[in-house]
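Structural characterization, general
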Protein chains: 4
Amino acid sequence: MVIRTTVWGENVHEHKNKTVAEVYPLTMHGTIAEALNRDPGIAATTVTLQDPDHGMTAEKLAETDVLIWWGHAAHVQVQDAVVERVCDAVWGGMGIIFLHSAHFSKPFKRLMGAPCNLTWREAGERERLWVTSRNHPIAAGIGDSFTLEHEEMYGEPFGVPEPLETVFVSWFQGGEVFRSGLTYKRGAGNVFYFRPGHETYPTYHDANVQRVIANAVKWAHNPAARLADPNAAPNVPVDKAPEKITERGPKLHSHGEEGLR
Amino acid sequence: MVIRTTVWGENVHEHKNKTVAEVYPLTMHGTIAEALNRDPGIAATTVTLQDPDHGMTAEKLAETDVLIWWGHAAHVQVQDAVVERVCDAVWGGMGIIFLHSAHFSKPFKRLMGAPCNLTWREAGERERLWVTSRNHPIAAGIGDSFTLEHEEMYGEPFGVPEPLETVFVSWFQGGEVFRSGLTYKRGAGNVFYFRPGHETYPTYHDANVQRVIANAVKWAHNPAARLADPNAAPNVPVDKAPEKITERGPKLHSHGEEGLR
Amino acid sequence: MVIRTTVWGENVHEHKNKTVAEVYPLTMHGTIAEALNRDPGIAATTVTLQDPDHGMTAEKLAETDVLIWWGHAAHVQVQDAVVERVCDAVWGGMGIIFLHSAHFSKPFKRLMGAPCNLTWREAGERERLWVTSRNHPIAAGIGDSFTLEHEEMYGEPFGVPEPLETVFVSWFQGGEVFRSGLTYKRGAGNVFYFRPGHETYPTYHDANVQRVIANAVKWAHNPAARLADPNAAPNVPVDKAPEKITERGPKLHSHGEEGLR
Amino acid sequence: MVIRTTVWGENVHEHKNKTVAEVYPLTMHGTIAEALNRDPGIAATTVTLQDPDHGMTAEKLAETDVLIWWGHAAHVQVQDAVVERVCDAVWGGMGIIFLHSAHFSKPFKRLMGAPCNLTWREAGERERLWVTSRNHPIAAGIGDSFTLEHEEMYGEPFGVPEPLETVFVSWFQGGEVFRSGLTYKRGAGNVFYFRPGHETYPTYHDANVQRVIANAVKWAHNPAARLADPNAAPNVPVDKAPEKITERGPKLHSHGEEGLR
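Not measured: the values here are computed from a predicted model.

Each value, and the rule that gives it
- Residues numbered from 1 in each chain as written.
- Chains lettered and ligands numbered in written order.
- Predicted model: local features only at pLDDT ≥ 70, side-chain atom pairs only at ≥ 80, totals over all residues.
- Least-squares fit on C-alpha atoms with pLDDT ≥ 70 in both.
- Core = buried A, V, L, I, M, F, W, Y, C linked by C-beta atoms within 7 Å.
- Buried ≥ 20, exposed ≤ 12 C-beta atoms within 10 Å, placed from the backbone.
- Contact = placed C-beta atoms within 7 Å.
- Helix = DSSP H or I, 4+ residues; strand = E, 2+ residues; numbered from the N terminus.
- Pairing = 2+ DSSP bridges.
- Axes fitted to C-alpha atoms, helices over the stretch in contact; angles between N-to-C directions.
- Nonpolar A, V, L, I, M, F, W, Y, C, P; charged D, E, K, R; others polar.
- Parallel < 35°, antiparallel > 145°, perpendicular 65-115°, else oblique.
- Right-handed = clockwise from strand over helix to strand, strands pointing away.

Between the two copies, chain B and chain A, the superposition gives an RMSD of 0.0 Å; the rotation angle is 180° and the shift along the axis is 0.0 Å. The operation mapping one copy onto its partner corresponds to a two-fold rotation axis. Minimal C-alpha distance to the rotation axis in chain B is attained by glycine 113 of chain B, lying at 2.4 Å.

Let's shift gears to the nonpolar core. The biggest cluster of nonpolar side chains holds 311 residues, and the ones touching the most others in it are Ile97 of chain A, Ile97 of chain B, Ile97 of chain C together with Ile97 of chain D. When sequence neighbours within four positions are dropped, the list of residues in contact with isoleucine 97 of chain B reads Val66, Ile68, Phe192, Phe194, Ile213, Ala216, Val217 and Ala220 of chain B.

Below, the discussion takes up the environment of aspartate 65 of chain A. All names here are of chain A. If you trace the backbone, aspartate 65 turns up in the loop between α4 (58-62) and β3 (66-70). For aspartate 65, a count of 21 C-beta atoms within 10 Å translates into the label buried. Leave out the neighbours within four places in its chain, and aspartate 65 touches Ile3, Arg4, Thr5, Met94, Gly95 and His221.

Sheet strands pair by backbone hydrogen bonding; their relative direction is either parallel or antiparallel. All names here are of chain B. Taken together, nine strands build an open sheet; the order of strands is β2-β1-β3-β4-β9-β8-β7-β5-β6 and the sheet is mixed. Strands at the two margins of the open sheet, each flanked by one partner only, are β2 (42-48) and β6 (145-155). The sheet shows a mean angle of 25° between the axes of neighbouring strands, taken without regard to direction. Pairing of strand β1 (residues 3-9) with strand β3 (residues 66-70), which is carried by five bridges, proceeds in the parallel orientation. Directly across from threonine 5, in β3, lies its bridge partner valine 66.

Rotating chain C by 180° and translating it 0.0 Å along the rotation axis places it on chain D, where the RMSD comes to 0.0 Å. The residues that chain C uses at the interface reappear at the interface of chain D in 100% of cases, marking a shared surface.

Counting residues at the interface gives 63 residues for chain B and 63 residues for chain A. Elements supplying a minimum of two residues to the side of chain B that touches chain A: α6 (106-112), β5 (119-131), β6 and β8 (177-186) of chain B. In terms of residues, the side of chain B that touches chain A owes the most to one element, β5 of chain B, which gives seven residues. Among the residues making up the side of chain B that touches chain A, the classes are represented as 27 nonpolar, 22 polar and 14 charged.

Residue and element names in this part refer to chain C. Read across the open sheet, the nine strands follow the order β2-β1-β3-β4-β9-β8-β7-β5-β6; overall the sheet is mixed. The outermost strands of the open sheet, each flanked by one partner alone, are β2 (42-48) and β6 (145-155). Going from strand to strand, the sheet's axes swing by 25° on average, the running direction of each strand aside. Bridge count between strand β5 (residues 119-131) and β6: eight bridges; the pairing is antiparallel. If you follow arginine 121 over to β6, its bridge partner there is methionine 153. Along the sheet, helix α3 (residues 28-37) contacts β1 (3-9), β2 and β3 (66-70); its crossing angle with β2, the most-contacted strand, is approximately 170°. Taken strand by strand, helix α7 (residues 207-220) contacts β1, β2, β3, β4 (95-99), β6 and β9 (189-194), and its axis lies near 165° from that of β9.

All names here are of chain D. In contact at an axis separation of 10 Å, helix α3 (residues 28-37) and helix α7 (residues 207-220) are set at 70° when each is read in the N-to-C sense. Of the possible angle classes, the one that applies to α3 and α7 is roughly perpendicular. On the side of α3, the interface is formed by Ile32, Ala35 and Leu36, while α7 contributes Gln210, Ile213, Ala214 and Val217. For the contact of α3 with α7, the class distribution of residues is six nonpolar, one polar and no charged.

Residue and element names in this part refer to chain B. Where burial is concerned, most of strand β4 (residues 95-99) is hidden: five out of the five residues are buried. Of the pairings in the sheet, the one linking β3 to β4 comprises four bridges and is parallel in character. Along β4, the bridge assignment pairs tryptophan 69 with phenylalanine 98. Note that the unit made of β3, helix α5 (residues 80-92) and β4 has a crossover that is right-handed. Of the strand pairs in this sheet, β4 and strand β9 (residues 189-194) are connected by four bridges, and their pairing is parallel. Within the sheet, the bridge partner assigned to isoleucine 97 lies in β9 and is phenylalanine 192.

Here it is in C-alpha cells:
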C-alpha cells in the first residue's frame, strides 16, 4: 500500500528571498516531496498557502494519509476554519509531521494545547542530532547521530507537552540543546515534530534528514479507516447499555436528547 | 502558605432546574468552595459565567494559584478571549482542575488539543472509582476505591491525549469504564481532569470527592513565580550565545529583529 | 516479510488439570500459535518450560522476532540465566508480549522493575475490554469493546510503571476494573501486556483475543537489526569526540580502560 | 515535617584516589549530606557500602523517606538481598535519587528494567544543563540553564525507559547530549535520576547541583504511609466482590488458596 503524502508549503520565502530561491529552486515543499517520491512506498504531492483553502479542502484531506507542514512567515494567514479541518482529519486518523518553524503554526499549537515557544539564533552554526530511543522506526538507518553543518539554533525550554517518546535531541555549537524529534498521538492521529529545516540552509537536501522524514511518514501512517466523526459523543440509552440496568434518580436530559456542548 | 483557589461555576442549571437547585442550594461552585475552605491550607472563592469577563479578569487570574472549572450547558457562551487568558495563566504556572462535563469546556479542549469526546448515559447508575497509581498524592486518604451510588455514565474511548499519569479508572454499573483521573502539564501549569459531578446528583457533597478535589488543588499548585510571558520566544544573539561562535552563512533575519509567528 | 514468532508455554496445567486439558487439547501455546499461523504475515512456533534452556537458547532467540509468554504455576522454575538472556534479546530489539498470569513471570517483573501485583478472583465472571486509544494498531478490527463471558478477575491497582499508552481497560462483573492492554519500550524492544487468558476458560479460542494477539505481534516487531550488545557502554576517547576538545583536569581512568560496572 | 534523607555512599575512591580525597575531604556522601542539612526541611544522614548490610537494614529503610545513591567502582559488591530490600522500600513509597555513575548500580538497573547504558569520556569538559520542563519543582531556583566547568561526559543513547518527565538535558563541549534529569514512579515510590557528579571534580560543592538535589528530595518524598507489603496480590473472594456475583464455570484454585507466583 502506497502512503498518500501531502506536503504543505507556505511558499513565501522561496519567492521573496534570493538565498532561499537559490537553495530551493524546486521550492522547499517541492524538494521534500521529490525526495519522498524516491521511496516506492510513498506517493507525495504538494499544496501551498496560496491555493484555495490553502490546498486543504475536505477532498484533499480525505486523500491524504500523512500531511507534512512547513510554515514560517505567514502563520497568521492560515484561516482558522482550515486549521479546524486539518485537526479534525488528524483526530480522525491522518498522520501529521511538523517541520522546524511549524512549531508556531496554527495547527501545531492547536494540537499541542501549549505555547510551543523556544529560544532561537540564526548564525549558521553546527547542529548534531542524537538518537535517544534505540532503533526507533523514525531513526531507522541513521546511526547514533548525524550532523548538519549549518542550521538555525532552537533552544530549550521548548514549550510543548511531554511527548510519548523523545526520539532525537539536538546539540548546538553555541551551547544549547533541543528535543528535536517528538512523538504524540491526538485522537486517532499520530503526530511527529522534527526540528531541522531553516530556509536559508540546504537541510532538506541532506540524506539523513530526507530519511528521517520518510521514516516518519511510515510511522505516522495509521492504516485504519478514518473516523467518520472524530468529535462524536454518542448517548448510550439505558436499553442499549452493555449490562442490564434500570434507570433511576432525577434526570436533566429528556430521552433522545443530544448531549450539551 | 495558603493556596488561593478560584472555583468557576457556569451557574445555569442551579437556577433553571429544580432538581439541581434542591441538591445544591449553595450552587455547585459554592458547595465545592465551601468544602475546600474547611482545609486550612486552601482559601477558595467563586466566580461565575455571568460575572464581567466571566470573573476571569487578569487581576483575578493573577491572584489564583489553582482554578477549578465546572461547566455544561453554556460552554459556547465563554468568550474566546477569556479562554486564551485562562490558558496563558495555566502556561505561566497556574494549576487547573476540570470537573465532569468540563471535558467539553473551551479551556479544556484548548489545553488538550484533542476532541475530548466520550460516550454518556444519564441513568443514575453506580460508579466505582479505582486508584491506579499507588499512593498518588491526589488519592491520599482514599483507599483502593470508592463508590458513588448515583452518577451519569461516561464511557471510553475518551478522546484525550495520553496523560502523564492515570490516577483513577471508573467502573459503571451499565458495563462501561472510564479513565476518570488524569494528570497533564501544559507550559508551567499542572492540569487535572476529574470525572464525577453530574448536576442532578449530590456528588460534590460526597466526602471522598471533596477529598480528591482538595488533594488535587495541592498537587496542581506550582509555588514558582508565574512566568511573565509564557509565550516568549526570545532571540539569543550571537554575542550572547553560551559558547563563543562566529556567525556564518546566509541570513533571513536582520539583527535585533523579532522572530516570525 | 514474515514475522518469526515464538510462543512460550509453561505447559503444566494442560497435563495436570482435566479442565485445562479439555479446553486446550492442543495446549494453550499450541492454540495460540495455530491461530497466529492463519495470518500469512506470521510464522509461529512453540517452546516450553520443559525444553532444554526452556527453549530459550541463544539460537532460538536470534531467530525470534517476537516472543509471547504465558506462565502461571511454575514461574520460579524459570532459570535466572534464561531470564537475563530473554531480557538481553528484548533490549536488543526483540518484541515481547506477556499474557495474563505472566504478569508475575520473571521476565515481566525484570523488565518492569516494579511489583506487577494486582487483586484477583476466579469466579468465571464477565469481562468487557474497552479500547482507550482510538484506532491503535493493536486494536485494529476490534470495535470500541468486546466481551469475554467467563474470565478470571484481575483488579487495580496494577503495580506496573505508567505505560507509553493504555490501549485497553477491562470492566468486570464483580465491580473491578483493570488496565488490560499496556505498551512499553525497553532498550530497542517493544513490550505489550495483555490481560485475558485464564487457563480454565476458552479465551484463546476467542476471535477477538486472537486478533489482538496477532495485531500485537505486528506492533511489537522491530524490523531493525538486533543490537549486537545492548548493554555496551563504550568510551569515546578525546580524539574521537565529535567536537575537538582538549583533555584537562584530574582523571580516574587510564587511557583505554574499560568503564566501571 | 522534616524529610529523613539517607545518603548512600560507595566510599571507595575517597580512600584510594588522592584527587578524590582532596576534592571531597568529607567524602562525597558526607558533602552531599552536609549541603542537604543546611535546608531546615531535610535531615540527612549517611551510610556506606562497608556498613553491615551496606547500611540498608530494614530499620534504616523504615526511617528513610528519601534515599540518595552514589556508586561507581563497587556496584558488584552490593548484595542482591539488599537490592531487593531497597526496591521493596521504593515500591512501598520511599523516594530514591540516583546520582551520576549510579546509572549502573544494581538498584537502578533493577528499577528501570533496562540496560541503563550510555557512552562516556573523562576529559574534564564543560557541561551545561538545560531545564526542559518549565518551573518543574526539581528545577526551582535554577534559571533556564547552569554550567559545570569540568565534568565527565555521558552521551546518548541512554538505555532507560521513557521517563514520566524529562527535566534536564545536558550539552557537552565535546559534542554530545544527555537526558540528565529524569523522573519515574515505581510502585508507590518516586524515582529521580540526576547525571552530574564525577568523583574527580567538585560537582557536589556546586550551589546549583546542591539545590537540584535538595529540590529532588522534596519532590521524591511521598508523605503517605509506607505500604505494608508492596508485593501483595490479594484474592478477593466471591462474597467480598464489590458487586454481587455468582461463581460459575470451572476453577483451578480451591477456596482460600494463595495465588500462584
